[in-house]
Amino acid sequence: MSQNLLNKSLLTILLFLLSINVGMKYAEVLTPISKNASEMMFMIEGEEIKSIHPIASNIPNYFFTKNTSIKTLAKLHFESIDSKSLLTDRLKLENFTAESILISSTNGDMILDKSINEQLQVASITKLLSILTALKYEDNLDLYFTIPEETDEVTGNVLGFQKGEKYKFADLIAASLIFSSNDAIRAIETNIEGLYRISFVEEMNKLASDLNMTSSSFGDSIGFDLPNSYSTAEDIMKLSKFAYQNDIIRRYSTVKEFRIYSEGGKVISFRNTNEMLKYENVYGLKTGTTEQAKECLVMILRHYDTDYYVVILGSGDRYQDATKIYQIMESLK
C-alpha cells in the first residue's frame with residue numbers, strides 16, 4: 001500500500017472515530033463497494049481501501065451514498081438493531097426512586113413502564129391541564145387579566161402579584177409554566193370563570209375525559225394535595241403529548257429565564273424550575289412538588305429524530321432519576 005493511500009485510510013478511520021466521539025459531527029463517507037459484518041470497502045479516487053468499523057455492521061449497502069454522514073450512519077445503526085429492547089434492558093437495570101415512570105416515543109412505542117396505572121398525586125403537572133382549559137375558552141394572548149383578591153390566599157410557589165395589577169394572559173401562562181406560579185394560575189382561572197361564567201375545575205375534568213384520562217380526577221387548578229386530585233403516569237402521558245402540540249406551551253415550557261411586565265410597568269423575572277433543561281436535547285415540559293406527590297417531572301428527550309416523553313411521578317429525587325434516563329439514552333448514540 002502506498003504512503004498516500006495509507007494516509008487516506010488513516011484519515012478515513014480518524015473521521016469515523018472523531019465524528020462518533022465528538023458530538024456526531026458530519027463527515028463524508030466515501031462510496032462503499034462491499035461490506036460484511038465486520039468491514040467495509042471504500043473507493044478513494046479509484047483505489048480500494050478497507051476500513052474496519054462496527055457501526056456499519058447491520059446497515060444495508062443501499063443506505064450509503066457519497067455524502068452519507070457519520071450521524072446518519074449512527075442513526076441507521078441504532079435503528080437496525082433491536083434498539084428499543086436494548087434501551088429498555090439498560091433502563092430496567094437502574095434503581096429509580098420514583099414510584100411510577102413511563103417513557104414513550106411520540107408514536108407510542110413504550111420504552112419503560114413502572115406502575116403506570118397507579119393513582120398518585122401529580123402536584124403542578126396539573127397546570128398543563130389548567131392552561132389547556134383556559135386556552136380552550138380564550139385565545140387572545142394579549143388580553144390583560146386583572147389579579148383578583150383570591151391570589152392573596154394562595155400559598156406555595158408564588159410571584160407575589162398584587163390585587164388589581166394587570167398582566168397579559170400570555171405572561172401569566174409563562175409564569176405558570178416556567179416558574180410554576182400558583183398565583184398566576186389562580187389569576188387565569190378566576191378571569192376565565194368571570195369572562196365565561198363556567199366552573200373552571202369542572203371544565204378541566206371534562207377536558208381530561210376528552211383526552212381519555214380515565215383514571216384521573218382534578219380538584220383544583222394548581223395541583224395541591226386533595227382527596228379528589230390524582231392521576232396516573234399513563235394519563236399524564238396522554239396529557240403531555242397533547243399539551244406539547246400547543247405552540248405556547250411548547251415555547252414557554254423550555255424557556256430557562258423569563259420576565260413579565262404589568263400594564264403599569266412592574267417587572268417580574270424568574271427562572272425555570274426544570275433543572276434538566278441544562279442538558280442538550282431536553283425540552284419542556286413541567287415540574288411538580290408537594291408533600292404527598294413528592295417530586296414529579298415531565299420532560300421530552302430527543303434521540304436522533306425521535307422525541308421520547310418521560311413521566312416521573314412520586315420521586316424521591318426526580319433529577320437523579322431523570323439524569324440516569326438521559327445518560328443512558330445519550331450513551332446509545
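Reading the values: rules and limits
Counting of residues starts from 1 at the beginning of each chain's written sequence and follows it residue by residue. This being a predicted model, a pLDDT of at least 70 is required before a residue's local features are given, and a value of 80 or more before pairs of side-chain atoms are given or counted; all residues contribute to the totals for chains, interfaces and linings. By convention in this description, side-chain values take in all heavy atoms of the structure and omit both hydrogens and water. The way it works is that DSSP assigns letters per residue, a run of H or I at least four long becomes a helix, a run of E at least two long becomes a strand, and they are numbered from the N terminus. Basic side-chain nitrogens of Lys or Arg form a salt bridge, by our definition, when they fall within 4 Å of a carboxyl oxygen of Asp or Glu. Each residue gets one of three labels from its accessible area relative to the maximum for its type: buried under 20%, exposed over 50%, partly exposed in between, using a 1.4 Å probe on protein chains only. Note on pairing: DSSP must find at least two bridges between two strands before they are called paired.

**What to know about unusual backbone geometry**
Trans is the prevailing form of peptide bonds, just as negative phi is the prevailing case for residues other than glycine. With omega at 0°, the peptide bond leading from G284 into L285 counts as cis. When you line up the elements, L285 lands in strand β10 (residues 282-290). Of note in this structure, A123 is not a glycine but carries a positive phi near 50°. Here A123 is to be found in the loop between β5 (110-114) and α4 (126-137). Positive phi, close to 60°, is recorded for S180, a residue that is not glycine. If you trace the backbone, S180 turns up in the loop between α5 (169-178) and α6 (182-196).

**Some words on the pattern of salt bridges**
Per the counting criterion, the structure on display carries eleven salt bridges. In this structure, K168 engages D142 in a salt bridge whose closest nitrogen and oxygen atoms are separated by 3.7 Å. Placement of the pair is K168 in strand β7 (residues 166-168) and D142 in the loop between α4 and β6 (144-146), with a sequence separation of 26 residues. The exposure class of K168 is partly exposed, given its relative accessible area of 28%. Residue D142 is classed as exposed on the basis of its relative accessible area, which comes to 52%.

**Digging into the pairing of strand β12 (residues 306-315)**
Taking burial as the measure, the ten residues of β12 include nine buried ones, the bulk of the element. Examined bridge by bridge, strand β4 (residues 100-105) and β12 share six bridges and lie antiparallel to one another. The residue of β12 that forms the bridge with L102 is V311. Across eight bridges, the pairing between strand β11 (residues 294-303) and β12 is antiparallel. Bridged to E295 within β12 is S315.

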